[in-house]
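If you want the building blocks of each chain, they are given just below.
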Amino acid sequence: MSAAFDAAAELGYDGVELMVWNEPESRQLRTVARHAERTGMPVLAVHAPCLAITQRVWGADPAERLRRSVVLAAGLGAPVVVLHPPFRWQRRYAAGLARQVDELERAHGVLVAMENMFPLRRGRVRVSSYTPGHDPTIPGARNYTLDLSHTAVAGDDAFALLERMGDRLVHLHLADGTGETHDEHLVPGRGTQPCADVLRRLALTGFAGTVVVEISTRRARSRNERLDALAESLLFARLHLSSRMPRSRA
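It should be emphasised that the depicted structure is a prediction, and the values quoted were computed from it without experimental measurement.

Glancing now at the overall build of the protein chain. Looking only at helices and strands, the protein chain has eight helices and nine strands in total. The C-alpha atoms of the protein chain give a radius of gyration of 17 Å, which matches the 18 Å a tight globule of 250 residues would have. Over its C-alpha atoms, taken along the principal directions, the protein chain stretches across nearly 45 × 45 × 35 Å. Expressed as a percentage of the 250 residues in the protein chain, the buried residues total 50%. Summarising the internal contacts of the protein chain: among those between residues at least 6 apart in sequence, 74% fall at separations of at least 24. With the model as given, the accessible surface of the protein chain reaches about 12700 Å², and the carbon-plus-sulfur share is 52%.

Secondary-structure assignment places valine 112 in strand 4 (residues 111-115). Residue valine 112 is classed as buried on the basis of its relative accessible area of 3%. Sequence separation between valine 112 and alanine 196 is 84 residues, and the spatial gap between their C-alpha atoms is 26 Å. With residues up to four places along the chain from it excluded, the contact list for valine 112 reads Leu66, Val70, Val81, Leu83, Val101, Glu105 and Asn143.

What follows deals with helix 1 (residues 2-11). Residues of helix 1 that are buried include every one of Phe5, Ala7 and Ala8, and no others. Buried residues of helix 1, seen end-on, are gathered within an arc of 165° and therefore sit on one face of the element. Exposed and facing more than 90 degrees away from the buried side of helix 1 are Ala3 and Glu10. Taken together, the buried residues of helix 1 touch strand 1 (16-19), helix 2 (29-39), strand 2 (43-47) and helix 8 (223-241). Of the residues flanking the end of helix 1, it is glycine 12, one or two places downstream, whose phi is positive at about 90°.

Here the focus is the UniProt feature "domain: Xylose isomerase-like TIM barrel" (unreviewed entry) in the protein chain. Per the UniProt entry, the sites bearing "domain: Xylose isomerase-like TIM barrel" (unreviewed entry) are residues 5-234 in this numbering. From the first C-alpha to the last, residues 5-234 spans 15 Å; its make-up is 38% helix and 17% strand.

Position of histidine 240 relative to the elements: it lies in helix 8. Residue histidine 240 is classed as buried on the basis of its relative accessible area of 10%. In this structure histidine 240 touches Ala196, Leu199, Arg200 and Ala203, once residues within four positions along its chain are discounted.

Attention shifts here to the packing of aromatic side chains. Applying the stated criterion to the full structure yields two aromatic pairs. With 4.6 Å between their ring centres and 10° between their planes, phenylalanine 87 and tryptophan 89 make a pair best called stacked. Residue classification places phenylalanine 87 among the buried positions, given a relative accessible area of 7%. Classification of tryptophan 89 by relative accessible area gives exposed; the value is 60%. Relative to tyrosine 130, the ring of phenylalanine 87 lies with its centre 5.3 Å away and its plane at 15°, an arrangement referred to as stacked. Of this pair, phenylalanine 87 sits in the loop between strand 3 (80-83) and helix 4 (91-108) while tyrosine 130 sits in the loop between strand 6 (125-127) and strand 7 (143-147), and the two are 43 residues apart along the sequence. Feature note: the residues Phe87, Trp89 and Tyr130 constitute an aromatic cluster, connected by ring pairs.

In terms of nonpolar packing, the biggest core is built from 57 residues, with Val43, Val46, Leu66 and Leu83 touching the most fellow members. Take this core: its biggest share by element is six residues, from helix 8. Residues contacting leucine 66, with those up to four places away along its chain left out, are Val81, Leu83, Tyr93, Leu97, Gln100, Val101, Leu104 and Val112. With six residues, the next largest nonpolar core counts Phe87, Met117, Phe118 and Tyr130 among its residues.

Moving on, we get to helix 6 (residues 158-165). Looking only at helix 6, the buried set comprises Ala158, Phe159, Leu161, Leu162 and Met165. Down the axis of helix 6, the smallest arc covering the buried residues is 160°, so these residues share one side. Buried residues along helix 6 sit against strand 7, helix 5 (148-154), strand 8 (169-174) and helix 7 (195-204). Of the residues flanking the start of helix 6, the one acting as N-cap is aspartate 157, its side-chain oxygen 2.9 Å from the backbone nitrogen of phenylalanine 159. Looking at the residues trailing helix 6, positive phi occurs at glycine 166, about 55°.

Cut-off values and rules
Residues numbered from 1 in each chain as written. Predicted model: local features only at pLDDT ≥ 70, side-chain atom pairs only at ≥ 80, totals over all residues. Heavy atoms only, no water. Helix = DSSP H or I, 4+ residues; strand = E, 2+ residues; numbered from the N terminus. Rg over C-alpha atoms; globule rule 2.2 N^0.38 Å. Buried < 20%, exposed > 50% of the residue type's maximum accessible area, 1.4 Å probe, protein only. Contact = heavy atoms within 4.5 Å. Areas by Shrake-Rupley, 256 points an atom, 1.4 Å probe, with all protein chains shown as cover. Arc of directions from axis to C-beta. UniProt positions renumbered as here; feature names shortened; annotations may be inferred. Phe/Tyr/Trp six-rings, centres within 6.5 Å; stacked < 30°, edge-to-face > 60°. Core = buried A, V, L, I, M, F, W, Y, C linked by side-chain atoms within 4.5 Å. Polar contact = N/O pair within 3.5 Å; in protein donor to acceptor, adjacent residues only side chain to side chain.

Below is the structure:
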């Protein structure tokens, strides 16, 4: 985790998003706050532990994991918690989620932003692990996170999803994808998603939320290669967010 804070500071990012993970440090308020203070990189969002691999972080109850994520975000001064839709087997949690989100937002002053996901694909077969599905605009949520790598996997129209989220979009995960069946999280501009045009649209509409680079650097062969990918992504974001001229989506 310290390496992520160091890289963000070295490259001139404005802050970081904290993924609550199996790594104990990511769940410790004092430790995270110390890294933020040391590097001058504030935590701008906290991602709740929603992945299958993090289902035992803070216990087995997903409602408790959400509560603790919001408390952690509030303690760090982060305005947003990113959340995935409930898994299909989390029926009790799903039934009470809207009420819990309302209570947590009111109590802690933190926005809980539901993220678009993607179905599992095997050939022509598509199976969603989420209820009621991978698209959080159906039936709707208080606030949203738009992930452009996930739209690639799902085959969703990023602009149509952006329109449905409307002014309740408060957070963007900036990454790219080519439509593979797995989540690629490519450097923006290296895939098929309209990353540049989405950023321009947000700039033109006065978007006041947070844009977070969420790329995969697992295949980087060195620290310098990893930093190059992160620097390219940051430059891409700032270039297109500063644009005021609409361009074709084609």
